[in-house]
There are 2 protein chains.
Amino acid sequence: MTNDLPLSKEQILDTAEQVLKRFGPDKTSVVDVARALQVSHGTLYRHFASKAALREAVTERWLDRIIAEPLAALADLPGDSAADRLRQWVVALIAAKRTYAANDPELFKMYADVTLEAGGMIEAHIGRLIGQLASIIASGIASGELKPADPEETARAIFIATSKFHHPSHAREWLAERAEREFESVWRVLLNGIAR
Amino acid sequence: MTNDLPLSKEQILDTAEQVLKRFGPDKTSVVDVARALQVSHGTLYRHFASKAALREAVTERWLDRIIAEPLAALADLPGDSAADRLRQWVVALIAAKRTYAANDPELFKMYADVTLEAGGMIEAHIGRLIGQLASIIASGIASGELKPADPEETARAIFIATSKFHHPSHAREWLAERAEREFESVWRVLLNGIAR
């Protein structure tokens, strides 16, 4: 049973996300998604040339929705010190990763796999996050609260130095009891490193 | 063809390491190691109750030899500033990981797998490394070069904050051209965070 109405990219991604979530990324085929959309797999392949391309597009949209957009809103909030806003941003990043690792394990697993495979898309996502961090840092440098430094380089350093708490390859370590204490230790050194 | 001479643990680990290196950790069975030792697999199982236990013991010895022992020598060296010695130690850790990832891929892969499975042994290994870092930090605090702080907590923070450069789950990222520059950015913030 197929229909011939034109498919929007959003429609395909909505359905693909649901199917991937239900069957898991390893067991989902392009044919499964085509069937759920009631189109031929040929029609779907005209939009996404491979299962890898479809997974990458679903992951990209998912990362925008659960990470990049909520954090952008946080980065733009005025008020508080730059140090507090930096911490809120990083803590929110870590909390979002943990929440989705626990509550949406199929999509999180797909994201972890895509992170190892899809260099360009993940780079762009990280670049967007680092831009948000850099804008908080730049405002802290401008107000004299933080030491003068290149905001983007400093943002990248903080993002990398907190990898253990948000990079999906470390997800198994997030449940350890000492994870909180470890984050506090790392944050103390980083904040001392950038504050005036 | 088997012999009945008593086997030392070292003999077993020497042979197991060679066999694992030759066939790769996934394809090596306990029977392969027993055959290379010319003993029955029953004899070998009396020493190591499972393939996992044998892999863990080989990895533990390998980590001592290629990481913990050479770095201990470095941590004990007098002279230079604490900042220079810290950097030398961390750079040596990173260089050792990269060298073995490139030149000894079978054992490195086993180590990466064991890191995800064998909590206790890896914890002990990391604890030993953090002890070495802490001793350099303690000497820098004593001389007034570094800010007063708990040396072990600071050591753990530095170890964690540099995970991207030495944790085996990140090995694929070590070849990226910008890895050097990223390390310099992270190190700048960390050193600013601990130096007086």
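Residues numbered from 1 in each chain as written. Chains lettered and ligands numbered in written order. Predicted model: local features only at pLDDT ≥ 70, side-chain atom pairs only at ≥ 80, totals over all residues. Heavy atoms only, no water.

### Brief notes about the relation of the copies chain A and chain B
- Overlaying chain A on chain B yields an RMSD of 0.0 Å, the required transformation being a rotation through 180° with an accompanying axial translation of 0.0 Å. Interpreted geometrically, this transformation is the action of a two-fold axis. Among all residues of chain A, the one whose C-alpha sits closest to the rotation axis is Gly193 of chain A, at a distance of 1.7 Å.
- When you check the interface residues of chain A against chain B, 100% turn up at the interface there too, and the contact is symmetric in its surfaces. (Least-squares fit on C-alpha atoms with pLDDT ≥ 70 in both. Contact = heavy atoms within 4.5 Å.)

### A short note on the interface of chain A and chain B
- Of the residues lining the interface, 28 residues belong to chain A; the matching set on chain B comes to 28 residues.
- When chain A packs against chain B, the two sides together hide about 2400 Å² of surface, and 59% of this comes from carbon and sulfur.
- Ranking the residues of chain A by area buried against chain B places Ile160, Arg188 and Val189 of chain A at the top, with a combined share of 21%.
- Viewed at the interface, chain B and chain A are joined by six salt bridges. (Buried area = accessible area lost by both parts, 1.4 Å probe. Salt bridge = Lys/Arg side-chain N within 4 Å of Asp/Glu carboxyl O.)

### What to know about the nonpolar core
- Among the nonpolar cores identified, the biggest contains 122 residues, and Trp89 of chain A together with Trp89 of chain B are the most heavily contacted of them.
- Not counting the four nearest positions on each side in its chain, Trp89 of chain A is found in contact with Leu71, Leu74, Ala75, Leu129, Gln132, Leu133, Ile136 and Phe159 of chain A. (Core = buried A, V, L, I, M, F, W, Y, C linked by side-chain atoms within 4.5 Å. Buried < 20%, exposed > 50% of the residue type's maximum accessible area, 1.4 Å probe, protein only.)

### A word on the domain arrangement of chain A
Residues and elements named next belong to chain A.
- For chain A, the domain assignment lists domain 1 (9-47) and domain 2 (52-194).
- With 12 residues of domain 1 at the contact, the number on the domain 2 side is 13 residues.
- Of the roughly 1200 Å² buried at the junction of domain 1 and domain 2 (both faces included), carbon and sulfur atoms supply 62%.
- Area buried by domain 1 at its contact with domain 2 is led by Leu13, Glu17 and Pro25, which between them contribute 48% of it.
- We note a salt bridge from Arg61 to Asp14, for which the minimum N-O separation is 2.8 Å.
- Remark: the boundary between domain 1 and domain 2 carries five residue pairs in polar contact (both at pLDDT 80 or more).
- Looking at the side of domain 1 that touches domain 2 element by element, the count peaks at eight residues for helix 1 (residues 9-23).
- Its residues placed into classes, the side of domain 1 that touches domain 2 shows six nonpolar, one polar and five charged. (Domains from an automatic or database assignment. Polar contact = N/O pair within 3.5 Å; in protein donor to acceptor, adjacent residues only side chain to side chain. Helix = DSSP H or I, 4+ residues; strand = E, 2+ residues; numbered from the N terminus. Nonpolar A, V, L, I, M, F, W, Y, C, P; charged D, E, K, R; others polar.)

### Thoughts on empty space enclosed by the protein
Residue and element names in this part refer to chain B.
- This structure, assessed with the given rule, holds one cavity of 30 Å³ or more.
- Reported here for the largest cavity is a volume of approximately 30 Å³.
- The wall of the largest cavity is formed by Leu20, Thr28, Ser29, Val30, Val33, Lys51, Leu54 and Arg55.
- Secondary-structure elements contributing two or more residues to the lining of the largest cavity are helix 2 (30-37) and helix 4 (51-76).
- The biggest single contributor to the lining of the largest cavity is helix 4, with three residues.
- Residues belonging to the lining of the largest cavity are distributed by class as follows: four nonpolar, two polar and two charged. (1 Å grid on protein atoms, 1.4 Å probe; cavity = no way out; pocket = protein on both sides within 12 Å on 5 of 7 lines; lining within 4 Å. Points joined across faces, edges and corners; volume = space filled by probe spheres on them.)

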